[in-house]
Amino acid sequence: MNTTVSNQRTKTYAATRNACKICAPLGASVVFKGVRNCVPLIHGSQGCSTYIRRYMISHYKEPMDIASTNFTEEAAIFGGERNFDTAVRNIIEQYNPESIAVASTCLSETIGDDMEKIIRQFKARHAGESLPDIFFASTPSYKGTHMDGFHAATLSLVKHFASSGEPTNKINVFPGFVSPQDIRNLKTILQDFGLEATFITDYDETMDNPSWYTYKNLPEGGTSIAQLQSAGSAMASVELGKTLAKQQEETAGTYLNHQFGIPKISLGLPIGIHESDAFFKALESLSGKESPAKYIAERGRLVDAYVDGHKYNFGKKAVVYGEEDLVIGLVSFLEEIGLDVVLCVSGGKSGQMKRILKEDIQIKSHTEILDDTDFEEMAERCREIRPDILIGNSKGYYISRELNIPLVRVGFPIHDRMGAQRVQHLAYIGTQSLFDKITNALIEKKQNESPVGYKYM
Amino acid sequence: MDTILKDRQKQILIKGKDQFQMECAKASLAGSVSQRACVFCGSRVVLYPIVDALHLIHGPVGCAAFTWDIRGSLSSGPQLHRLSFTTDLSENEVIFGGEKKLYKAVSELIDKHRPKAAFIYSTCIVGLIGDDVEAICKKISREKNIEVIPVQAPGFAGTKKDGYKVACDAIAQLVGMSKESKTRPNSINILGDFNLAGELWLLKDYYEQMGVEIVSTITGDGRVDDIKRSHTAALNLVQCSGSMIHLAKDMKEKYNIPFKRVSYFGIEDMSTALYEVARFFSNSEMIRKASVLVKNEINALLPALAPYKQKLAGKRAAIYVGGAFKAISLIKALRLIGMDTVIVGSQTGNKDDYLLMKELCDAGTVILDDSNPMELSKFVQEKQADILIGGVKERPIAYKMGLGFCDHNHERKEALAGYQGMINFAKEVYASVMSPVWQFTKPKSL
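Criteria and cut-off values
Residues numbered from 1 in each chain as written. Chains lettered and ligands numbered in written order. Predicted model: local features only at pLDDT ≥ 70, side-chain atom pairs only at ≥ 80, totals over all residues. Helix = DSSP H or I, 4+ residues; strand = E, 2+ residues; numbered from the N terminus. Rg over C-alpha atoms; globule rule 2.2 N^0.38 Å. Buried ≥ 20, exposed ≤ 12 C-beta atoms within 10 Å, placed from the backbone. Contact = placed C-beta atoms within 7 Å. Pairing = 2+ DSSP bridges. Right-handed = clockwise from strand over helix to strand, strands pointing away. pLDDT = per-residue confidence, 0-100. Domains from an automatic or database assignment. Nonpolar A, V, L, I, M, F, W, Y, C, P; charged D, E, K, R; others polar. Expected span 1.5 Å × (residues − 1). Core = buried A, V, L, I, M, F, W, Y, C linked by C-beta atoms within 7 Å. Axes fitted to C-alpha atoms, helices over the stretch in contact; angles between N-to-C directions. Parallel < 35°, antiparallel > 145°, perpendicular 65-115°, else oblique.

**Here we look at the overall build of chain A**
Line of reasoning, step 1. The secondary structure content of chain A amounts to 18 helices and 14 strands.
Line of reasoning, step 2. The C-alpha atoms of chain A give a radius of gyration of 22 Å, which matches the 23 Å a tight globule of 457 residues would have.
Line of reasoning, step 3. If you line up chain A on its principal axes, its C-alpha atoms span 75 × 55 × 55 Å.
Line of reasoning, step 4. Taking all 457 residues of chain A together, 58% fall into the buried category.
Line of reasoning, step 5. Considering only intrachain contacts with a sequence separation of at least 6, the fraction spanning at least 24 residues in chain A is 73%.

Pasting the structure below:
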């Protein structure tokens, strides 16, 4: 077998047709919404922030206050500094946040706005005033996908805040783009190991707040500035996502490692038993404790479920799509339960997905892998392959509808269902939830298609 | 910390208290979390429902991803408008130009989908990187023998409303292209209805019952060929005046087609929209048919509304929507089911719109232009609204504060226009306001 996996492919069409990705400032906005008392500010046209808000509201079903510097023609010619100044002053006036997180856009980057300088000059002009912390991530949408924006924002946070200090026993957790419920579950797990964790960032509460009654200008929850600062004195960093681990460019984890000597543990998203085992093993070694009985039982129940349901899944053709790290995590799990993953699709272009799936996950030789692609290409392949099930975000619904096959909604976005914030993907508990959903979707399809209908499986 | 920013104070008026002239139709204030989008958005929402055209967005991926299948604009035929095409410009193309990719992308898609026309939207950076989109459109147009229309819509070049004008200019390039020239008797174009949840079909049915011929619908369930012959209509009906008035004026100037502004929301406005057409054609038979239609519809509707009105009487509503015409109609529609409007606002209203709102509302009503979540939540609380009527971005504000919400947005699944729409509206308001869930949203210990 040829060991060098080619990462180059040519799309059938020059145009992107139904993109399987979103733009970088959206990813940055998700990360920034996980910072306590922080207002994200998008340096670009008004539409950038409004579209992102709308997209995120439809998924999280939460107020999503993200400000804009609202470029005018004048700003597009002479630079957005004046608008930045007005925006920051108005945000302070209305929200009084602890921090303002700036994400650049294709517009501001193309005209060459130097954000570092603009922020520095703003601070100089307002010297002596009590200002929120202002920091920035470069997220032009012509560079990568929303995931690149997500990681750029995460890196910008640790670069801005992390400082050295007395070594602590804290763990930095970079969970990747997972659901608020996933973060909540991971927090419980780390707590149960007696580990104090800083989630960077922690949008468990901010993106899934309880009912309020009185409006809050800023949602509750999020990673505090003190926590972000302490990232530089942590005992270790855990960075989830296999493409991230292989990324050439600096990540938040590698930065903390180089700058402060904090050991970095790179793991895949803990989906399925193998990857969850690896995650728990890492926690065992970090905490020096064995996995609590609760999790041994969760794992046991999951194995039990795998056995109970194995016949319904075996050999069923699945198409998995979404962010590269999520796809890799899901495939690793689906391979455990006998589903035949026939096609893996992502709009991401880290160039790593194919190699990781082949070498780390050791997928079957017939599995097709399409990265840097779009939904229309996926649809065309699906019409040929005729899969039994789709697993991915809600944007693939139209394909599942056309082919009359179930879609199990995971990841982001889920715009056509309730509970997107609470979809569980990670660890034994998340895998259990995915397993039940996927198996039941296949059972339901068979039941619906049976000529008699039946009451027992 | 102030909820209302200094530079926005003149965009908020309380009837009976404030005497100043309301400011409006200006760029959103930087840092205010405006609910508006941008020029591109304005052009995109208007052109989107032209179902047999190819819509391709030239720029980085975001704008196309965010507007994929975004409106509930139904088609009775082709579904091409629901696909999202973009050149998805990458860094290299930003540096070396995107013209080649654009040319290839559009040519290939025309070959594949055989659209009746193509709209090529240029977003923020296209002009800045020096792409000559117009020249490429002309070239492809010649080669493929269809109209390839550039839509210059950089987000920063004004407000969402300016995007409406960009869209109208693009449509205007198609108008008059058919060789027909004779004005068709008793015929209209329906401008500014986007066939959300099939609303246009309700309207078409009403007008056809009256013996009116519909030449084109711009842009709901829109067809390129219909637009090309839309200059043969005798009258333009313009709803959503903010978005389509430019086209109506243009057609008046070029083809001498008069226009009337109408709204199809609520009984009053819907009935006026039918009578106006009949009166315009001075056709007694048409007037008779209109009055029979209106009478029948209202006779059926009023008793159906009665139980809702009984329960909803005295409840307070807050309105914050994109177009002012919709806000104005909603005030009247709410009154019909016994409800008071305590807050009313829009993203894109003009001076006259706000004067009309002021006239229609009771003293104490808050009138808002280009508002934001902080203001909306403050006034909703102060005015003790029972329901907020708005779009996707307003919904979580209402829900978080424990009040009802009515979706009057682009993705709605229930028709709210016409007589059928009025009953749907009452049902939706009722279902939200009367839901038992609010018992749990009041602050209370367990």
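**A short note on the environment of arginine 316 of chain B**
Line of reasoning, step 1. With respect to the element layout, arginine 316 of chain B can be found in strand β10 (residues 316–321).
Line of reasoning, step 2. Apart from residues lying up to four places away in sequence, arginine 316 of chain B is in contact with Asp340, Val342, Lys383, Gln384, Ala385 and Asp386 of chain B.

**A closer look at the environment of proline 25 of chain A**
All names here are of chain A.
Line of reasoning, step 1. By secondary structure assignment, the location of proline 25 is in helix α1 (residues 24–32).
Line of reasoning, step 2. A residue is classified by how many C-beta atoms lie within 10 Å of it, and proline 25, with 31 of them, is buried.
Line of reasoning, step 3. Here the alpha-carbon distance between proline 25 and valine 178, two residues 153 residues apart in the chain, equals 17 Å.
Line of reasoning, step 4. The residues contacting proline 25, other than those within four sequence positions of it, are Ile42, Cys48, Ile52, Ala103, Thr105, Thr139, Ser141 and Gly149.

**Concerning the pairing of strand β7 (residues 213–218) of chain B**
Residue and element names in this part refer to chain B.
Line of reasoning, step 1. Of the strand pairs in this sheet, strand β6 (residues 187–191) and β7 are connected by five bridges, and their pairing is parallel. In the sheet register, leucine 191 faces β7, and the bridge partner there is isoleucine 218.
Line of reasoning, step 2. As for the winding sense of the linkage, the β-α-β connection from β6 through helix α7 (residues 199–209) to β7 is right-handed.

**Observations regarding the interface of chain B and chain A**
Line of reasoning, step 1. At the interface, 62 residues of chain B touch 57 residues of chain A.
Line of reasoning, step 2. Secondary structure elements with two or more residues in the side of chain B that touches chain A: α1 (39–47), α2 (62–66), β3 (85–86), α3 (91–96), α4 (99–113), α14 (373–382) and α15 (395–400) of chain B.
Line of reasoning, step 3. Take the side of chain B that touches chain A: its biggest share by element is five residues, from α4 of chain B.
Line of reasoning, step 4. As defined by bridge partners, strand β1 (residues 16–17) of chain A adjoins β3 of chain B across two bridges and the pair is classed as antiparallel. Residue pairing in the sheet places threonine 16 of chain A in a bridge with threonine 86 of chain B of β3 of chain B.

**Overview of the confidence of the model for chain A**
Line of reasoning, step 1. Per-chain confidence: chain A averages 96 in pLDDT, with 98% of residues scoring 70 or above.
Line of reasoning, step 2. Segment residues 1–6 of chain A is flagged for pLDDT under 50; beyond a separation of four residues in sequence, or across chains, it makes three contacts in the model.

**Comments concerning the domain arrangement of chain B**
Residues and elements named next belong to chain B.
Line of reasoning, step 1. Domains assigned within chain B are domain 1 (39–168), domain 2 (187–291) and domain 3 (313–412).
Line of reasoning, step 2. Tallying the contact residues gives six residues for domain 1 and five residues for domain 3.
Line of reasoning, step 3. Its residues assigned to classes, the side of domain 1 that touches domain 3 comprises two nonpolar, one polar and three charged.

**Looking at helix α18 (residues 427–449) of chain A**
Line of reasoning, step 1. Here α18 of chain A is 23 residues long and its end C-alpha atoms lie 33 Å apart, about the 33 Å a rise of 1.5 Å per residue gives.
Line of reasoning, step 2. Listed as buried for α18 of chain A are Ala427, Tyr428, Ile429, Gly430, Thr431, Leu434, Phe435, Ile438, Thr439, Ala441 and Leu442 of chain A.

**Section: the nonpolar core**
Line of reasoning, step 1. In terms of nonpolar packing, the biggest core is built from 291 residues, with Val320 and Val331 of chain A together with Ala118, Ile120 and Leu388 of chain B touching the most fellow members.
Line of reasoning, step 2. Setting aside its immediate chain neighbours within four residues, alanine 118 of chain B contacts Ala53, Leu54, Leu56, Val106, Ile110, Ile146, Val148 and Ile149 of chain B.

**Here's the deal with the sheet that holds strand β8 (residues 235–238) of chain B**
All names here are of chain B.
Line of reasoning, step 1. Here we have four strands laid out as an open sheet, ordered β7-β6-β8-β9, and parallel in their pairing. Whereas interior strands pair on both sides, the edge strands pair on one side only; in this sheet they are β7 and β9 (259–261). Neighbour-to-neighbour, the strand axes of this sheet turn through a mean angle of 20°, independent of strand direction.
Line of reasoning, step 2. Bridge analysis of β6 against β8 gives four bridges, and the strand direction is parallel. Looking at the pairing, asparagine 189 lines up with asparagine 236 of β8.

**Describing the sheet that holds strand β13 (residues 389–392) of chain A**
All names here are of chain A.
Line of reasoning, step 1. In space, the five strands of this open sheet follow the order β12-β11-β10-β13-β14, with parallel pairing throughout. Of all the strands in the sheet, just β12 (368–370) and β14 (407–409) have a single pairing partner and so form its edges. Averaged over all adjacent pairs, the angle separating strand axes in this sheet is 20°, with direction ignored.
Line of reasoning, step 2. Where β13 meets β14, three bridges bridge the pair, whose relative direction is parallel.

**Focus on the domain arrangement of chain A**
All names here are of chain A.
Line of reasoning, step 1. Looking at chain A, the domain boundaries give domain 1 (24–160), domain 2 (171–287) and domain 3 (293–449).
Line of reasoning, step 2. The gap between the C-alpha centroids of domain 1 and domain 3 is 34 Å.
Line of reasoning, step 3. Of all the elements, helix α2 (residues 46–60) adds the most residues to the side of domain 1 that touches domain 3, at four residues.
Line of reasoning, step 4. Considering only residue class, the side of domain 1 that touches domain 3 consists of three nonpolar, three polar and no charged.

**Focus: the confidence of the model for chain B**
Line of reasoning, step 1. Residues of chain B with pLDDT of at least 70 account for 99%, and the chain-wide mean is 95.
Line of reasoning, step 2. The ipTM value of the predicted complex is 0.96, and its pTM value is 0.97.

**Describing unusual backbone geometry**
Line of reasoning, step 1. A cis geometry characterises the amide bond from isoleucine 200 of chain A onward to threonine 201 of chain A, with omega recorded as -5°.
Line of reasoning, step 2. Between isoleucine 218 of chain B and the following residue, threonine 219 of chain B, the backbone shows a cis peptide bond with an omega angle of 5°.
Line of reasoning, step 3. Unlike most non-glycine residues, aspartate 372 of chain A shows phi in positive territory, near 50°.
Line of reasoning, step 4. With respect to the secondary-structure elements, aspartate 372 of chain A resides in the loop between β12 and α16 (375–385).
Line of reasoning, step 5. Judged by local crowding, aspartate 372 of chain A falls into the buried class, with 24 C-beta atoms found within 10 Å.

**Some details on the packing of helix α11 (residues 284–312) of chain B against helix α16 (residues 418–433) of chain B**
Residues and elements named next belong to chain B.
Line of reasoning, step 1. Contact pair α11 / α16: the axes reach a minimum separation of 10 Å and the direction vectors enclose 10°. On the basis of their axis angle, the class for α11 and α16 is roughly parallel. Taken together, the residues of α16 that come into contact with α11 (itself represented by Glu297, Leu301, Ala304, Leu305, Tyr308, Lys311 and Leu312) are Tyr419, Met422, Ile423, Ala426, Lys427, Val429, Tyr430 and Val433.
Line of reasoning, step 2. Here the residues of the contact of α11 with α16 are counted per class, giving 12 nonpolar, no polar and three charged.

**Some details on helix α12 (residues 324–336) of chain B**
All names here are of chain B.
Line of reasoning, step 1. End to end, α12 covers 19 Å across 13 residues, agreeing with the expected 18 Å (1.5 Å per residue, within 8%).
Line of reasoning, step 2. Here α12 lies mainly inside the structure; 10 of its 13 residues are buried.
Line of reasoning, step 3. Of all the positions in α12, only Ala324, Phe325, Lys326, Ala327, Ile328, Ser329, Leu330, Ile331, Ala333 and Leu334 are classed as buried.
Line of reasoning, step 4. Glycine 338 sits one or two positions beyond α12 and adopts a positive phi of about 80°.

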